[in-house]
Amino acid sequence: MNNDALSDLSIAESEFCFIDVETTGLSPSDNSVIEIGAVYVSRLKIGKKFSSFLNPGRDVPYFITQLTGITNEDVSDAPFFEEIASQLREFVSDSIIGGHNFAFDNSFLKKEFAYCGEEYLDNPQVCTLRIARRLYPALRSKSLGNVANHLRLKNLNAHRALDDALVTAKIFIKMVKELKEKEGIITNGELLNYQYVPQSKPAVKIKKKLGQDIAALPSTPGIYFYLNSRDEIIYIGKAKSLKDRISSYFSMAAPRKTKKILSNSSRLKIALTNSELTALLAEAEMIKLHKPKFNTLLKKYGNKYFLRFMNEHNYPRVELCREFDFDGNDYFGPFSKREKATTLIELIDKTFSLRECSDKEFARKRKCLLADIERCNAPCVLDDTEAYKEELAKVYEFLYGKNQFALNRLLGKMKEYSEMQKYEAAGEYKRLVELILSQIHRSSLIAEPINSASVLFEITGLTSKDYILLIAGKIYIKDNITGPDNSFDEAIDDFYEDTINLQYMPNEEDLEKLKISLSWLIKNRNKVRIFYLKEFISKQKLYESLSRFTQQSYKQNEISFEIKDLMSSLSE
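Summarised in this report is the structure supplied together with it. The residue count restarts for each chain, going from 1 along the sequence in the order it is written. Totals for whole chains, interfaces and linings use every residue, but because this is a predicted model, local features are given only for residues with pLDDT of at least 70 and side-chain atom pairs only at 80 or more, for both listing and counting. Excluded from the side-chain calculations are hydrogens and water; all other atoms, namely the structure's heavy atoms, are used.

Looking at the overall build of the protein
Looking only at helices and strands, one finds 24 helices and 16 strands in the protein. Buried means the residue's accessible area, taken with a 1.4 Å probe over protein chains only, is under 20% of the maximum for its type, while exposed means over 50%, and partly exposed covers the values in between. Here the protein holds 572 residues, and the buried ones make up 49% of them. Throughout, a contact is declared for two residues whenever any of their heavy atoms are within 4.5 Å. Long-range contacts, defined as pairs at least 24 residues apart, comprise 68% of the intrachain contacts of the protein with a sequence gap of at least 6. A total of about 29700 Å² of accessible surface is found on the protein, and carbon and sulfur atoms cover 48% of it. Put simply, DSSP H or I for four residues or longer makes a helix, DSSP E for two residues or longer makes a strand, and each gets a number counted from the N terminus. Only the protein chains shown count as cover for residues, and the accessible areas themselves come from Shrake-Rupley with a 1.4 Å probe.

This is how it looks when you write it as structure tokens:
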């Protein structure tokens, strides 16, 4: 069936297949599927089911076993994905495929099909999480469990593929009935559009030329500027897709502020970027530079917090601070919220055996309660620097994103207290395990302290690549859209010549860029390659390892047009 025919077909007459996978971790580039479950829905009725353990070719991590119940024994004799790929394709057939947060499952399915040399499923896709975000805006969490509870559906075996796929199918059937009653949605085309694009009518009449101009805009990242009649910039924004973002300004659903910006604007200017990150950085920099009247965000630098390890002490402890310096100590961050930084300190204190006492208390050389309950290895009385360095190294590994050791230690303590029937203490360690599990995908991106990191990030855009350099807390952008400069190449030259250029010491603006960059890079790590400068003997060797690295001169790709030419008057 072609796409047009499928789009016009009613949901009640269509076939869907809901898929769920359990994996060895959260990143498809580093992990594999260990279980797959699929449930067929035909004419809004639950139909056939498919499930299988899969051999990932590696051990199942202990914390995954604790979460899912799936062990190495379960998957050791299971088929590899390539052995069930054709069977899965046949099961799915011509149905619309989907799941809850299907982007996650889809990323693993794409990887597994690619690894076994098979073409991926090109079926239309539906995501119950996307639908839930629009259909149940008041529901605080749109997780599979929360949506199921909201719809009074039970899933007694959560985190198992077939059971999760089954409850997703049941959720979908109930959602479809609500969508028909509340939104009048009855066809597949309406359903697939609903999950992505808010349905709205134009707020103003748009001249044919405007429609052509907007239609010609690329669906690429960039920044846009609204200027008034005096050619002053009154608003700056960034977009993941310029075409979608600019189109939204002319929608009935546009917020009051958006309409006010339009009414005060005479001209719109657009500048293209290679990636969303460079658009974010350019927006922040431009707002600080021009201070547009309608930009209330980003005019001030937000709070930033760091974790500091005082290396001047033989037994460093972790502490919270508001800034970092080049004083020989190690700093991790930045964190935009104090709560996140203090939570991380709590995890470190309760998972590892570093001292928590002040220098004054440490100088008394008296063993404390924390040593008695094995939360500290008592360096104040044992004076074992080697053992302390080993524990500190484990903390650094945890901060670099290697969570396995911490999880194993916490799970061991949880089990120990549970066997001793100290359930309150066991519950506390269970909470810490869940804290780590919930933040695995937000783990540190780089394996160096932030104050001493020298890293080049290669970011894959839609048509070309961006290059972001982090050296000693300062961010440099190759061919920065905000203006030409040579600081990117100069910073790399200085690194390999072992030169310290005081002109390039980080300031408040650099910290803001650092926060924006790390936040985006962590969330989009599948689009990023990381190069540690210390691993290359020269700038030339570094550049040789980069694919398609260009030495292009600065060029800003701009489009500019008049607002009055874009809109007809409301009286027309």
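Thoughts on the pattern of salt bridges
Two side chains carrying opposite charge are able to pair once their charged atoms lie near each other. Any carboxyl oxygen of Asp or Glu that lies within 4 Å of a side-chain nitrogen of Lys or Arg is treated as forming a salt bridge with it. Using the criterion set out here, one finds 21 salt bridges in the structure. Between K539 and D489 there is a salt bridge, with its nearest N and O atoms 3.9 Å apart. Placement of K539 in helix α23 (residues 539-545) and of D489 in helix α21 (residues 487-496) is noted, with a sequence separation of 50 residues between them. D489 matches K539 in its accessibility class, with the two residues each being buried. A salt bridge links K541 to E544; its shortest N-O distance comes to 3.8 Å. Note that K541 and E544 are positioned in helix α23 at a spacing of three residues, about one turn of the helix. The partly exposed category is assigned to K541, whose relative accessible area is 41%. Among the residues examined, E544 registers a relative accessible area of 57% and is labelled exposed.

Some thoughts on a negative patch on the surface
Here the term patch refers to residues with relative accessible area over 30% and no salt bridge, with like charges joined within 9 Å and nonpolar side chains (Val, Leu, Ile, Met, Phe, Trp, Tyr) within 5 Å. Counted charges follow a simple rule, with Lys and Arg positive, Asp and Glu negative, and His plus the chain ends left uncounted. A single reference atom marks each charge: NZ on Lys, CZ on Arg, CG on Asp, CD on Glu. On the surface, E312, E323, D325, D327 and E508 cluster together into a patch of negative charge. With respect to the helices, strands and loops of the structure, D325 is situated in the loop between β10 (318-321) and β11 (330-335).

Structural notes on the side chain of E391
Note on placement: E391 falls in helix α18 (residues 385-399). By relative accessible area, which is 7% here, E391 ends up buried. In protein, a polar contact requires one atom able to donate a hydrogen and another able to accept it; more generally it is a pair of N or O atoms within 3.5 Å, and residues adjacent in sequence count only if both atoms are side-chain atoms. In terms of polar contacts, E391 uses its side chain to reach the side chain of R409, at 2.6 Å. The contact partners of E391, leaving out residues within four places of it in the chain, are F352, S353, L354, N377 and R409.

Describing the packing of helix α6 (residues 128-135) against helix α8 (residues 161-183)
Between the N-to-C directions of two axes lies an angle of 0 to 180 degrees, each axis being a line fitted to C-alpha atoms and, for a helix, fitted only over the stretch in contact. Two elements in contact, α6 and α8, have axes whose closest approach is 11 Å; the angle formed by their N-to-C orientations is 40 degrees. By the angle between their directions, the pair α6 and α8 is classed as oblique. The way α6 lies across α8 gives a crossing that is left-handed. Between α6 and α8, the residues in contact are T128, I131, A132 and L135 and T168, I171, F172, M175, E178, L179 and K182, respectively. Considered class by class, the residues forming the contact of α6 with α8 number seven nonpolar, two polar and two charged. Roughly parallel covers angles under 35 degrees, roughly antiparallel covers those over 145, roughly perpendicular covers 65 to 115, and oblique covers all other angles. Less than a right angle of anticlockwise turn of the near helix away from the far helix marks a crossing as left-handed, whereas a clockwise turn marks it as right-handed. Following the grouping adopted for this structure description, the nonpolar residues are Ala, Val, Leu, Ile, Met, Phe, Trp, Tyr, Cys and Pro, the charged ones are Asp, Glu, Lys and Arg, and the polar ones are all others, Gly among them.

Observations regarding the sheet that holds strand β2 (residues 33-42)
In this description, strands pair whenever DSSP reports at least two bridges between them. Spatially, the five strands line up as an open sheet ordered β3-β2-β1-β4-β5, and their pairing is mixed. Pairing within the sheet leaves two strands with one partner each, and these edge strands are β3 (45-53) and β5 (125-127). Taking the axes of each pair of neighbouring strands and ignoring which way they run, one obtains an average angle of 25 degrees across the sheet. Helix-sheet contacts for α6 involve β1 (15-23), β4 (96-99) and β5, and the interaxial angle to β5 is about 50 degrees. Against the sheet, α8 contacts β1, β2, β3, β4 and β5, and its axis sits at roughly 30 degrees relative to β2.

Quick look at a positive patch on the surface
On the surface, a cluster of positive charge is made up of K45, R152, K174 and K177. One can find R152 in the loop between α7 (144-150) and α8. Judged by relative accessible area, which is 78%, R152 ranks as exposed.

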